[in-house]
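Coordinate analysis (summary)
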Amino acid sequence: MTPDNIVNTKTDLFDKCFSFTRADEVKAAGLYPYFQPISSAPGNEVTINGKKVIMIGSNNYLGLTDDPRVKEAAAEAAREYGSGCTGSRYLNGTLDLHVQLEEELAKFFKREAALVFSTGFQSNLGTISCLVGRNDVLVIDRSDHASIVDGCRLSFGKTLKFGHNDMDDYEHVLKNLTNNGHKGGILTVVDGVFSMEGDIINLPKLVEVSKRYGARVMVDDAHSVGVLGKGGRGTPEHFDLIDQVDIQMGTFSKSFASIGGFIVADAKIINFVKHFSRELIFSASLPPSATAAVLKALEIIRTEPERREQLWKNTRKMHEGFRSLGYDIGETQTPIVPVLVGEDLDTFKFWKALLDNGVFTNPIISPAVAPGMALLRTSYTATHTDEHLDRVLDVFATIGRKLKII
Ligand code: PMP
């Protein structure tokens, strides 16, 4: 409805909403895959529309979301501290639990200090945007997560991109900057494990090149903490480069089975971000239940390495299983296993057939991946059993042949 007492403009702000019909079309075709309500705990078997399905679309790498110890820690904290903090870390929203978590994270990651944010997304926004000023430059991988891209947009610095995991191109970008007389700081931000592709950043080369050109390095280890490295400390530990990465970022929404995010770094850097990050200062802090769940998950990550071993056993089984069926799973090296399909509609049809046969996956289309490169993102968990995984491979074999994907 347009009020008639205003001067008519050519384009109404909401025109794009009225003409956006793609989601409704896919719904009408019975193929809409997003916002599926799950009516059970988000474990390895979930209930959707009253039916049990195997979950291979989560980031629950260590299987801790329904661990009784983690759930009890969350419940106990809610009983003792209440349901929320009603304020930011800066003012009334810091609990002793947050301080304890930061101390334990710093110790675990072998760094001077840590800072906890309310989401992983905010951790990237808040850290990148407050560190990179007008005269500085950001250098990022073309496949970096949206929260890194948006952190760059929020900062006042210029952003340059290099080809995905292409260290020659990375060096080329830095060389050009130097040749053009850049005088400000440089922050390079990369995913440790890329969230769609499942491949690992070439950190040794990235660190070497960065040092040569004076670039500081930040690694988003959302998909690597708890997963990579002997002790589950992520990409820097995996490459034995813990003291070579300036800032390591992670989330609590994956291996830690909760919500929130963090950075670890030298104390001076943490202290600066703590006092300048708008996402920290102007947003309410992590609730007690979520914080206590992370503390318990951290204890389990530290003391139960067998979970990580089982995760890698399951990962190897699925890499081999998909490849031997003839699927293209790209360059993955981790529990994230993308199954390449190609066109969006084929991907939705594949997704629906899998769900009808009891397997939950995530369809990923452009712009999250390049157009024509749509895929089903699958991911594995330490607590998937051989029966789960064999059933998944059986269903993928039958449906893939039927739809002529393999
Ligand atoms: N970084 C990466 C690489 C991610 O994959 C995600 C979430 N998928 C985030 C950051 C944001 O984390 P959160 O969902 O915990 O806000």
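Attention in this report is confined to the structure presented alongside it. Throughout this description, residue numbers start from 1 for each chain and increase along the sequence as written. Given that the model is predicted, a residue must reach a pLDDT of at least 70 before its local features are reported, and side-chain atom pairs must reach 80 or more before they are shown or counted; all residues, however, enter totals for whole chains, interfaces and linings. By convention in this description, side-chain values take in all heavy atoms of the structure and omit both hydrogens and water.

Some points on the site of the ligand
Applicable threshold: What makes a residue near a molecule or strand is one non-hydrogen atom of that residue sitting within 4 Å of it. As used in this structure description, the phrase polar contact means that two N or O atoms lie within 3.5 Å; if the pair is within protein, one of them must be able to donate a hydrogen and the other to accept it, and residues adjacent in sequence are counted only when both atoms belong to side chains. Exposure was quantified through the Shrake-Rupley algorithm and a 1.4 Å probe, taking into account, for residues, occlusion by the shown protein chains and nothing else. Residue type decides the class: Asp, Glu, Lys and Arg count as charged, Ala, Val, Leu, Ile, Met, Phe, Trp, Tyr, Cys and Pro as nonpolar, and the leftover types, Gly among them, as polar.
Near the ligand, the surroundings consist of 14 residues, among which Phe 121, Asp 220, His 223, Ser 253 and Lys 254 are the closest. Phe 121 is positioned such that a nitrogen or oxygen atom in its backbone is 2.9 Å from an oxygen atom of the ligand. Interatomic distance of 2.6 Å between a side-chain N/O atom of His 223 and an oxygen atom of the ligand. Isolated, the ligand exposes 390 Å² of accessible area, and the fraction of that covered by the protein chains is 83%. Taken together, the residues of the shell around the ligand break down into 2 nonpolar, 9 polar and 3 charged.

Some details on the pattern of salt bridges
Going by this rule: The working definition used for a salt bridge is a side-chain nitrogen of Lys or Arg within 4 Å of a carboxyl oxygen of Asp or Glu. The numbering of helices and of strands both runs from the N terminus, where a helix is a DSSP run of H or I of at least 4 residues and a strand a run of E of at least 2. Classification of residues uses two cut-offs on accessible area relative to the type maximum, computed with a 1.4 Å probe and protein chains only: under 20% is buried, over 50% is exposed, and between them is partly exposed.
The final tally for this structure, using the stated rule, is 20 salt bridges. For the salt bridge of Asp 266 with Arg 111, the shortest nitrogen-to-oxygen distance reads 3.6 Å. In this pair, Asp 266 is assigned in the loop between β9 (261-265) and α10 (267-276) and Arg 111 in the loop between α4 (96-108) and β3 (113-117), connecting sequence segments 155 residues apart. Overall, the relative accessible area of 13% leaves Arg 111 in the buried class. Taking the shortest distance from any N to any O, the salt bridge between Asp 390 and Lys 317 comes out at 2.8 Å. Within this pair, whereas Asp 390 is found in helix α15 (residues 386-402), its partner Lys 317 is found in helix α13 (residues 305-325), the two being separated by 73 residues in sequence. Residues participating in the shared-partner salt-bridge network are Asp 67, Arg 69, Glu 304 and Arg 307.

Focus: the sheet that holds strand β10 (residues 336-342)
Here is the rule we go by: When DSSP finds at least two bridges between two strands, those strands are taken to pair. To obtain an axis, a line is fitted to C-alpha atoms, over the contacting stretch when the element is a helix, and the angle between two such axes runs from 0 to 180 degrees between their N-to-C directions. Throughout, a residue-residue contact means that at least one pair of heavy atoms, one from each residue, lies within 4.5 Å.
The strand order across the open sheet built from 3 strands is β10-β13-β12, with neighbouring strands paired in antiparallel fashion. Lying at the two open borders of the sheet, with one neighbouring strand each, are β10 and β12 (362-364). Each strand axis lies, on average, 30° off the axis of its neighbour in the sheet, ignoring direction. The sheet contact formed by β12 and strand β13 (residues 374-379) spans 3 bridges and is antiparallel. Residue Pro 363 lies in a different strand from β13, and its bridge partner there is Leu 376. With respect to the sheet, helix α14 (residues 344-356) is in contact with β10, β12 and β13, its orientation differing from that of β13 by roughly 35°.

None of the figures reported here should be taken as evidence of function without further support.
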